[in-house]
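What follows is each chain in one-letter form.
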Amino acid sequence: MVIAQVAVQSKFTRNLWVCLIGALLLRALMQRLRNQRIFAFMAALPGPTGLPFLGAIHRIVGINTTNACRYLKNLCKDYPRNFSIWMCGIPHVLTSDPEAISAILASSENTDKFSHHKCIKTEYPAIVSAQGDEWRNMRKLVNPTFCISNFKVFERNFQYRTNEFLNKLDKHATGEEFDIHLPVHLCTLDLVCDNMIGCEMDVQKNNLEYLSIAMSRAIEMMFERAFQPIFWPDFTYLLSGQQTSFRKTYNPGLDFVKLGIEQRMKARKEGVVATESEENFRSFLDILLDNFEAGIISMKQVTAEISEMYFAGSITTANTTAWVFKLLAMFPEVQERVCKEIDEICDGEQVTPEDLHKLVYLEMVIKETLRHYGPPFTGRKITEDLKVNENLTIPAGIEVFMFLYLMHHDPEYWQKPNKFYPGHFSPNLESKRPKGAFVPFLSGPRVCPGYKYAMRSMKLMIANTLLHYTFSSNEKPPENMTDLEFRILFMPVPVNGLRVKIQRREWHNE
Ligand code: HEM
């Protein structure tokens, strides 16, 4: 019985490969006929030679989410910062060049994500995954969410939820190691509910750990698909059953989002403003619901937007904050300096939003963390010819893979590329670096709209945590910070989790 099942499965996989290769051959042939100009551009740039029609796809066989950064870094070793690479009949430029990356990101004509991005999309195209005018219209609704007047409410919530996080953390002050990613993620989930949905869902109070586990796994599955060419076409993804298992993993998060939307709609019907004290506050959901009620967008769209915002806003800040705690645990001298800065500013009292601009060294630590473990890559489809400089114009039809991770470790821009060295962000060294060489939030029209929100919430959470606890770790820092096995949850996170030990600070025990 088992043997028969295995035989059916392997026949099925073989048939999938045959269909896929057939489709690719056909597509490559048609493309060749259609676009001679692209072929000339690709031939003029250096790059690996490819197999007929399949291109250099064999160069990424064996790549997966745990080895992707190292694997791609090795691939890039033999080529200049901009090189061409054919993948399954699709012409790509792979770049880690600040000049090219800045030009692409600044272009208001070339804002569409590259084709592989479809692996990262959720239910329905929304702010993170939408293209063209759909994206442009949605971005107009997102920007007011991050207006200055909303920050008063955001920051009150940052403080309130950080206090809840600290209460939860106390049970770990036993000298045992634990993975700090989970409690941090529950806190950032609460924050996205409070600030984007305008609804208190109390993820931390209710111990909704399943949400963090399901969301993290769903994100990881999206990246797994992105690294498996066999699952790029929708039909192979669907027929293999991968789509069904993704849905099962993704749905608990989606159901939770729907519950939040229902609660907020009910509250609006009852005339409850988003928060009691700030009548001017409009959460992202409120902006969307105004548009829904005016008949401009559908409920499906509202759900998709909130769902993508929920993912984009919670896992990114959780990864970075948890990484900062882990790195402080591994580098006690850095931790000591951060604590000294915090203690001087607040003298043992709570760190407030007004104090944040004084936390200069902490900001350097967060940026150095993002340099190593921020989003490693992104991509754009060039839809209109783009001039990078006198020697390089990327023609429409090219897909660009921007390898931020490589740029963020390029010895030409970083004194100690593979070390944890917050000094990289001292004003002196920052001024010597090309402007586009550090872009963890990207730049240009599709820059992360949550940039300021993220930095302020992380600083407040980290500073207030360090007032109460010190961090240590059983692990020694690696010689080379890039020598780790990662899962990719938008950003690299170690496969063994972000394990730390915490101890109450002395004045706590007095
Ligand atoms: C450390 C924290 C964060 C990092 C490193 C980060 C990074 C990024 C990056 C690199 C992108 C562009 C992705 C691409 O085009 O491929 C992006 C987009 C986005 N981010 Fe963030 N982000 C962070 C926090 C947040 C927060 C807190 C929010 C919301 C509360 C948020 C909301 C968004 C949204 C809505 C987009 C899509 C923007 C668009 O396509 O127009 N992010 N983020």
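Residues numbered from 1 in each chain as written. Predicted model: local features only at pLDDT ≥ 70, side-chain atom pairs only at ≥ 80, totals over all residues.

1. So, helix H17 (residues 451-468)
- Here H17 is 18 residues long and its end C-alpha atoms lie 26 Å apart, about the 26 Å a rise of 1.5 Å per residue gives.
- Residues of H17 that are buried: Tyr 453, Ala 454, Ser 457, Met 458, Lys 459, Leu 460, Met 461, Ile 462, Ala 463, Asn 464, Thr 465 and Leu 466.
- Turning to H17, the residues buried within the fold contact helix H6 (148-169), helix H7 (181-197), helix H12 (299-330), helix H13 (332-346), helix H14 (360-373) and strand S8 (469-472). (Helix = DSSP H or I, 4+ residues; strand = E, 2+ residues; numbered from the N terminus. Expected span 1.5 Å × (residues − 1). Buried ≥ 20, exposed ≤ 12 C-beta atoms within 10 Å, placed from the backbone. Contact = placed C-beta atoms within 7 Å.)

2. Describing the environment of Tyr 124
- By the element assignment, Tyr 124 lies in the loop between helix H4 (98-106) and helix H5 (132-142).
- Separated by 26 residues in sequence, Tyr 124 and Asn 150 place their C-alpha atoms 27 Å apart.
- Those residues in contact with Tyr 124, other than ones at most four positions away along the chain, are Lys 300, Gln 301 and Ala 304.

3. Topic: the UniProt feature "binding site: heme" (unreviewed entry) in the protein
- When the UniProt feature table is mapped onto this chain, "binding site: heme" (unreviewed entry) is found at Cys 448.
- Tracing the backbone shows Cys 448 in the loop between helix H16 (427-432) and H17.
- A count of 19 C-beta atoms within 10 Å places Cys 448 in the partly exposed class. (UniProt positions renumbered as here; feature names shortened; annotations may be inferred.)

4. Examining the sheet that holds strand S7 (residues 399-402)
- Across the sheet, which stays open at both edges, the four strands sit in the order S1-S2-S7-S4 with mixed pairing between neighbours. Bordering the open sheet on either side are strand S1 (82-87) and strand S4 (378-381), each of which pairs with just one other strand. Neighbour to neighbour, the strand axes of the sheet diverge by 25 degrees on average, direction disregarded.
- With four bridges joining them, strand S2 (residues 90-95) and S7 adopt parallel strand pairing. Paired with Thr 95 across the bridge in S7 is Met 402. (Pairing = 2+ DSSP bridges. Axes fitted to C-alpha atoms, helices over the stretch in contact; angles between N-to-C directions.)

5. Quick word on the sheet that holds strand S11 (residues 499-504)
- With respect to topology, three strands assemble into an open sheet ordered S3-S11-S8, the strand pairing being antiparallel. Two strands close off the open sheet at either side, each with one partner strand: strand S3 (178-179) and S8.
- Strand direction decides the pairing type here: S3 and S11, joined by two bridges, are antiparallel. Paired with Asp 179 across the bridge in S11 is Arg 499.

6. A word on the nonpolar core
- In terms of nonpolar packing, the biggest core is built from 122 residues, with Ile 306, Phe 325 and Leu 328 touching the most fellow members.
- The element contributing the most residues to this core is H12, with 17 residues.
- Not counting residues within four places of it along the chain, the set of residues in contact with Ile 306 comprises Met 196, Ile 197, Val 257, Ile 261 and Leu 285. (Core = buried A, V, L, I, M, F, W, Y, C linked by C-beta atoms within 7 Å.)

7. A closer look at the site of the ligand
- If you check the shell around the ligand, you find 25 residues, and the closest are Gly 313, Thr 316, Thr 378, Cys 448 and Gly 450.
- Of all the secondary structure elements, the ones that give two or more residues to the shell around the ligand are H5, H7, H12 and H17.
- Here the shell around the ligand gets six residues from one element, more than from any other, and that element is H12.
- By residue class, the composition of the shell around the ligand is 16 nonpolar, seven polar and two charged. (Near = placed C-beta within 6 Å. Nonpolar A, V, L, I, M, F, W, Y, C, P; charged D, E, K, R; others polar.)

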